[in-house]
There are 2 protein chains.
Amino acid sequence: MVTRLEDRVERDQCVRNGNGLVHFKDIANQDELYNHARLFSHLVIEPGRSIGEHTHEHETEFFYILKGEGLFHDNGTDVTVYPGDVCATGYGASHSLENVSDKPLELVALIMLE
Amino acid sequence: MVTRLEDRVERDQCVRNGNGLVHFKDIANQDELYNHARLFSHLVIEPGRSIGEHTHEHETEFFYILKGEGLFHDNGTDVTVYPGDVCATGYGASHSLENVSDKPLELVALIMLE
């Protein structure tokens, strides 16, 4: 089955008390993922906006960077991330992600449940 | 944890007797996905190349189109797919995907196990 962008859920959401709203283009919902994952989405973070810091227990979140540049807070260490990078956070670790550039930061996010 | 492209597995593989090789940039492996998924990868299909037709039972494969244009064979129906489209195949359905354009076709593929 093919679904076009306009047929799927798009939303703007403040994520974990980050700065401003993050745009989500959901790729599949939790039911479609057999309840083994709770998010599979294309995220667009505009300049100056961020996903606030939070931890992941009993699940792992993957950010696959598609476009732009971000400041990724990786369980206590700041790392600048670029297209092609994978940021994996689970097992009680924390992360945040901020767009400190002047262009949109785009990524695919997947949260796999344990 | 952040991993750069050069630290991860890249491979060129003939997929289900398709035309030529498809380039895979793996995002996470099956262990990292808690064995609930068996593929999470960025695929690049060059012009004229394809993923051959095959079915998915007890699992669903998602193609999230990032760049280019492809001819998606959707369980008997041909559909031209573009960036932003999601192709989902499971429950015994078949699919194939061919790059009939003159530019690379790029997508994120996820195979979720039931």
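Residues numbered from 1 in each chain as written. Chains lettered and ligands numbered in written order. Predicted model: local features only at pLDDT ≥ 70, side-chain atom pairs only at ≥ 80, totals over all residues. Heavy atoms only, no water.

Account for the environment of A:His54, naming residues and giving values.
All names here are of chain A. Along the polypeptide, His54 turns up in strand β5 (residues 50-55). Using a relative accessible area of 8% as the deciding quantity, one classes His54 as buried. Placed 39 residues apart in sequence, His54 and Val15 show a C-alpha to C-alpha distance of 9.6 Å. In this structure, His54 is in contact with Arg16, Glu61, Ala93, Ser94 and His95, ignoring residues within four places of it in sequence. A polar contact is formed between the side chain of His54 and the backbone oxygen of Gly52, at a distance of 2.8 Å. Polar side-chain contacts of His54 include one of 3.0 Å to the side chain of His56. (Helix = DSSP H or I, 4+ residues; strand = E, 2+ residues; numbered from the N terminus. Buried < 20%, exposed > 50% of the residue type's maximum accessible area, 1.4 Å probe, protein only. Contact = heavy atoms within 4.5 Å. Polar contact = N/O pair within 3.5 Å; in protein donor to acceptor, adjacent residues only side chain to side chain.)

Residue-level account of the interface of chain A and chain B, with values.
Listed per partner, the contact involves 39 residues of chain A and 39 residues of chain B. For the pair chain A and chain B, the interface holds two salt bridges. For B:Arg4, the salt bridge goes to A:Asp85, with nearest N and O atoms at 2.2 Å. Secondary-structure elements contributing two or more residues to the side of chain A that touches chain B are β1 (2-3), β3 (22-28), β4 (37-45), β6 (59-67), β7 (70-74), β8 (77-81), β9 (86-90) and β11 (105-113) of chain A. Each residue belonging to the side of chain A that touches chain B can be placed in one class, and the counts come to 24 nonpolar, seven polar and eight charged. The pairing of β9(A) with strand β1 (residues 2-3) of chain B spans two bridges and is antiparallel. Counted as the bridge partner of A:Val86 is B:Thr3 from β1(B). (Salt bridge = Lys/Arg side-chain N within 4 Å of Asp/Glu carboxyl O. Nonpolar A, V, L, I, M, F, W, Y, C, P; charged D, E, K, R; others polar. Pairing = 2+ DSSP bridges.)

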